[in-house]
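Chain and residue survey
If you want the building blocks of each chain, they are given just below.
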Amino acid sequence: MSLIELIILIVVAGLAGAIGQALAGNSRGGCLVSIALGFVGAVIGVWLARSLGLPEIFVITVGGTTFPIVWSIIGAALFVAILGFFSRR
């Protein structure tokens, strides 16, 4: 994987994480938090989709690495919602 491909994956993960944060109604953190949420959301979303037997809906392939956009957004939104539930005062 080249540096350009890594940057593209980071940007896509950041966008997916930001959309997931917006869907969950939480806007804490900045760009790095959105990137981390995008990658964590991808892991959670793919695990959830495979557990339920659902297909991968919209996948981007960059340099042989696939990144599930829809499941990343759903996973990030679920993760942010769960974190928000436990961190409320």
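Here we summarise the structure given alongside this text.

Scoring rules and cut-offs
- Residues numbered from 1 in each chain as written.
- Predicted model: local features only at pLDDT ≥ 70, side-chain atom pairs only at ≥ 80, totals over all residues.
- Heavy atoms only, no water.
- Axes fitted to C-alpha atoms, helices over the stretch in contact; angles between N-to-C directions.
- Helix = DSSP H or I, 4+ residues; strand = E, 2+ residues; numbered from the N terminus.
- Parallel < 35°, antiparallel > 145°, perpendicular 65-115°, else oblique.
- Left-handed = near helix turned anticlockwise from the far one by under 90°.
- Contact = heavy atoms within 4.5 Å.
- Nonpolar A, V, L, I, M, F, W, Y, C, P; charged D, E, K, R; others polar.
- Expected span 1.5 Å × (residues − 1).
- Buried < 20%, exposed > 50% of the residue type's maximum accessible area, 1.4 Å probe, protein only.
- Core = buried A, V, L, I, M, F, W, Y, C linked by side-chain atoms within 4.5 Å.

This part covers the packing of helix H1 (residues 3-24) against helix H3 (residues 69-87). Between two packed helices, both the angle of their axes relative to each other and the distance between the axes serve to describe the pair. Their axes nearest at 7 Å, the elements H1 and H3 cross at an angle of 45 degrees. Considering the angle they form, H1 stands oblique to H3. The handedness of the crossing between H1 and H3 is right-handed. Contacts between H1 and H3 pair Val12, Ala16, Gly17, Ile19, Gly20, Gln21, Leu23 and Ala24 from the former with Ile69, Ser72, Ile73, Ala76, Ala77, Val80 and Ala81 from the latter. Tallied by class, the residues present in the contact of H1 with H3 amount to 11 nonpolar, four polar and no charged.

The subject of this paragraph is the packing of helix H2 (residues 31-52) against H3. Where H2 contacts H3, the axes come no closer than 6 Å and their chain directions differ by 105 degrees. When the interaxial angle is binned, H2 and H3 end up roughly perpendicular. Between H2 and H3, the contacting residues are Leu37, Gly38, Val40, Gly41, Ala42, Ile44, Gly45, Val46, Leu48 and Ala49 on the first element and Trp71, Ser72, Gly75, Ala76, Leu78, Phe79 and Val80 on the second.

The next point concerns H3. Taking 1.5 Å as the rise per residue, H3 with 19 residues should run 27 Å; its terminal C-alpha atoms sit 27 Å apart, in good agreement. Restricting attention to buried positions, one finds in H3 the residues Ile69, Trp71, Ser72, Ile73, Gly75, Ala76, Ala77, Val80 and Gly84.

Note that an α-helix has 3.6 residues per turn; residues three or four places apart therefore point the same way. The end-to-end C-alpha distance of H1 is 31 Å, a good match for the 32 Å that 22 residues give at a rise of 1.5 Å each. Taken as a whole, H1 has its buried residues at Leu9, Val12, Ala13, Gly14, Ala16, Gly17, Gly20 and Gln21. Elements in contact with the buried residues of H1: H2, strand E1 (59-62), strand E2 (65-68) and H3. Just downstream of H1, Gly25 is the residue with a positive phi angle, here 80 degrees.

Attention shifts here to the nonpolar core. Core analysis: the biggest nonpolar cluster contains nine residues, these being Leu9, Val12, Ala13, Ala16, Ala42, Val62, Phe67, Ile69 and Ile73. Examining the composition of this core, we find that four residues originate from one element, H1, more than from any other. With residues up to four places along the chain from it excluded, the contact list for Ile69 reads Val12, Phe58 and Ile60.

These results come straight from atomic positions and should not be treated as a statement about function.
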